[in-house]
Amino acid sequence: MSEKVNVKSDALLSIRGLKKYFPIKSGVTRKTIGHVKAVDGLNFDIKAGETFGLVGESGCGKSTTGRTLLRLLEATEGEVIFNGENILNYDKARLRQLRTEMQIIFQDPYSSLNPRMTVGEIVGEALLEHGLVKNKKELEERVVSIIEKCGLSGYHIKRYPHEFSGGQRQRICIARALALNPKFVVCDEAVSALDVSIQSQVINLLKDLQKDMDLTYLFISHDLGVVKYISDNIGVMYLGSMAEMAGKDELFENPMHPYTQALLSAIPTSHPLEKKERIILQGDIPSPANPPSGCRFHTRCPKVMPICSTEIPAFKNVGEGHFCACHLYK
Ligand SMILES: Nc1ncnc2c1ncn2[C@@H]1O[C@H](COP(=O)(O)OP(=O)(O)OP(=O)(O)O)[C@@H](O)[C@H]1O
Ligand code: SF4
Ligand SMILES: [Mg+2]
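Residues numbered from 1 in each chain as written. Chains lettered and ligands numbered in written order. Predicted model: local features only at pLDDT ≥ 70, side-chain atom pairs only at ≥ 80, totals over all residues. Heavy atoms only, no water.

## Here's the deal with the overall build of the protein
Along the protein, the regular secondary structure elements total 9 helices and 12 strands. The C-alpha radius of gyration of the protein comes to 21 Å, within 12% of the 20 Å expected for a compact globule of 330 residues. Its C-alpha atoms give the protein principal-axis dimensions of roughly 70 × 55 × 45 Å. Considering the protein as a whole, with its 330 residues, one finds that 51% of them fall into the buried category. Relative to all contacts within the protein whose residues are 6 or more apart in sequence, the contacts with residues 24 or more apart total 63%. Of the roughly 16,200 Å² of accessible surface on the protein, a fraction of 50% belongs to carbon and sulfur atoms. Computing the positive centroid from 41 side-chain charges and the negative centroid from 38, the protein places the two 5 Å apart. (Helix = DSSP H or I, 4+ residues; strand = E, 2+ residues; numbered from the N terminus. Rg over C-alpha atoms; globule rule 2.2 N^0.38 Å. Buried < 20%, exposed > 50% of the residue type's maximum accessible area, 1.4 Å probe, protein only. Contact = heavy atoms within 4.5 Å. Areas by Shrake-Rupley, 256 points an atom, 1.4 Å probe, with all protein chains shown as cover. Lys, Arg positive; Asp, Glu negative; His and termini not counted. Charge placed at Lys NZ, Arg CZ, Asp CG, Glu CD.)

Encoded structure:
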């Protein structure tokens, strides 16, 4: 599944053969006795200005993908081409510069904000660190401007995180990520901890900011309904690999991989009389330390065939921009 794919000319970010293995150490000798293959050979492109949704069950490697491509984790193998350069080769100085262009918004707005810092200090910290403001006045202007864009008020800069609701705290996290005017943002379960009504407000804010600030998003979520709403293209991950990838409408109208079909069958229908047959997957998700041979999904696939346990299915182009890794499609 990690064959080379040509980099698209309109891609802001191209991921090629990306792997991230975590060593498993013996409890006694501390020697490495195996690896958790959290990300095991991913290929995908994200075009400038688009939102690429990454979905899959818990533990399939979504967050590790996001963190590795930002170099918050060091990759085991592969390339991350951003603006035409492989950033996995960047040294410390260039990496520091890269931090102004690539940012992340985390799931939990409670634990990711320092309770002892004011909103002004939180949002302004990176501007000071990167020397992007000349004086206190300019710092305050920049901070107020970004928090207002994120739906907060100028007077909030003097307040502390505990004085805000969950939705407002996530707005502070968004303001912090956008203060440096980045090009690319990883949103890792950015709305998952919020109430459903607040979720849609924050998603709409992210969409507005995307237009306003020319942002490109990698939107990670286990919630297909949310991903459908915000994404242009979607990748479905299973156990460290990409099972299927397509434009949003194509994926929802014509899911080809049995795993995607099962995930989509679990989304409740909007109409009470509309009947949908739910595909229940048997068995647990296998361990990424010891993934199944052949197709990783074969231990749970309702359409499994003899070839599936012996041969790894290639990640093939099965239609315009529609990729699928499954032996059902030759
Ligand atoms: N620092 C680490 N050390 C060892 N294993 C790790 C580490 N971080 C993640 N893993 C493992 O890598 C795999 C992928 O984890 P990851 O957090 O990327 O999944 P995820 O798809 O984001 O899941 P979730 O939906 O629960 O957030 C899991 O098996 C996890 O236990
Ligand atoms: S390759 Fe086989 S096991 Fe894997 S998804 Fe396709 S049919 Fe199922
Ligand atoms: Mg995660």
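So much for the structure itself; the text now carries on.
## Details of the packing of aromatic side chains
Summed over the entire model, instances satisfying the criterion amount to 6 aromatic pairs. For the pair Phe44 and Phe52, a centre-to-centre distance of 4.8 Å together with 15° between the ring planes defines the contact as stacked. As far as the burial class goes, Phe44 and Phe52 line up, both buried. An angle of 65° between the planes, with centres 5.2 Å apart, marks the rings of Tyr259 and Phe297 as edge-to-face. Separated by 38 residues along the polypeptide, Tyr259 in helix α9 (residues 258–265) and Phe297 in the loop between α9 and β11 (316–319) bring together distant segments of the chain. (Phe/Tyr/Trp six-rings, centres within 6.5 Å; stacked < 30°, edge-to-face > 60°.)

## Structural notes on the side chain of Gln210
Checked against the element boundaries, Gln210 lands in helix α6 (residues 196–213). There is a polar contact of 3.4 Å between the side chain of Gln210 and the backbone oxygen of Glu50. (Polar contact = N/O pair within 3.5 Å; in protein donor to acceptor, adjacent residues only side chain to side chain.)

## Focus on the site of ligand 2
Taken together, the neighbourhood of ligand 2 is formed by His257, Pro258, Cys295, Phe297, His298, Cys301, Lys303, Cys308, Cys326, His327 and Leu328. Within the shell around ligand 2, the residues separate by chemical class into 7 nonpolar, 3 polar and 1 charged. (Near = heavy atom within 4 Å. Nonpolar A, V, L, I, M, F, W, Y, C, P; charged D, E, K, R; others polar.)

## Focus: the sheet that holds strand β4 (residues 77–82)
Within a sheet, neighbouring strands are paired by backbone hydrogen bonds and run either parallel or antiparallel to one another. Strand order in the open sheet made by the 4 strands is β2-β1-β4-β5, with antiparallel pairing throughout. Each edge of the open sheet is held by one strand with a lone partner, namely β2 (32–47) and β5 (85–86). For strand β1 (residues 11–25) and β2, the ladder comprises 12 bridges, and the chain directions are antiparallel. Looking across to β2, one finds that Lys19 is bridged to Asp40. (Pairing = 2+ DSSP bridges.)

## With respect to the pattern of salt bridges
Following the criterion strictly, the structure yields 11 salt bridges and no others. A salt bridge links Lys19 to Glu77, with the shortest nitrogen-to-oxygen separation between them at 3.9 Å. One end of the pair, Lys19, is in strand β1; the other, Glu77, is in strand β4, with 58 residues separating them in the sequence. With relative accessibility at 16%, the residue Lys19 sits in the buried group. (Salt bridge = Lys/Arg side-chain N within 4 Å of Asp/Glu carboxyl O.)

## Quick look at the pairing of strand β8 (residues 216–220)
Two faces make up the sheet, and in a regular strand the side chains alternate between them. Among the 5 residues in β8, 5 count as buried, and that is most of the element. A two-sided burial pattern is seen for β8, the buried positions comprising Thr216, Leu218 and Ile220 on one face and Tyr217 and Phe219 on the other. In the sheet, strand β3 (residues 51–55) pairs with β8 via 4 bridges, with the strands oriented parallel. Opposite Phe52, over in β8, you have Leu218 as the bridge partner. Sheet topology note: the strand β7 (residues 184–188)/β8 ladder contains 5 bridges and is parallel. By the bridge assignment for β8, Val186 is matched with Leu218. A crossover links β7 with its parallel partner β8, the connecting element being α6, and its sense is right-handed. (Right-handed = clockwise from strand over helix to strand, strands pointing away.)

Read these as spatial facts, not as claims about activity.
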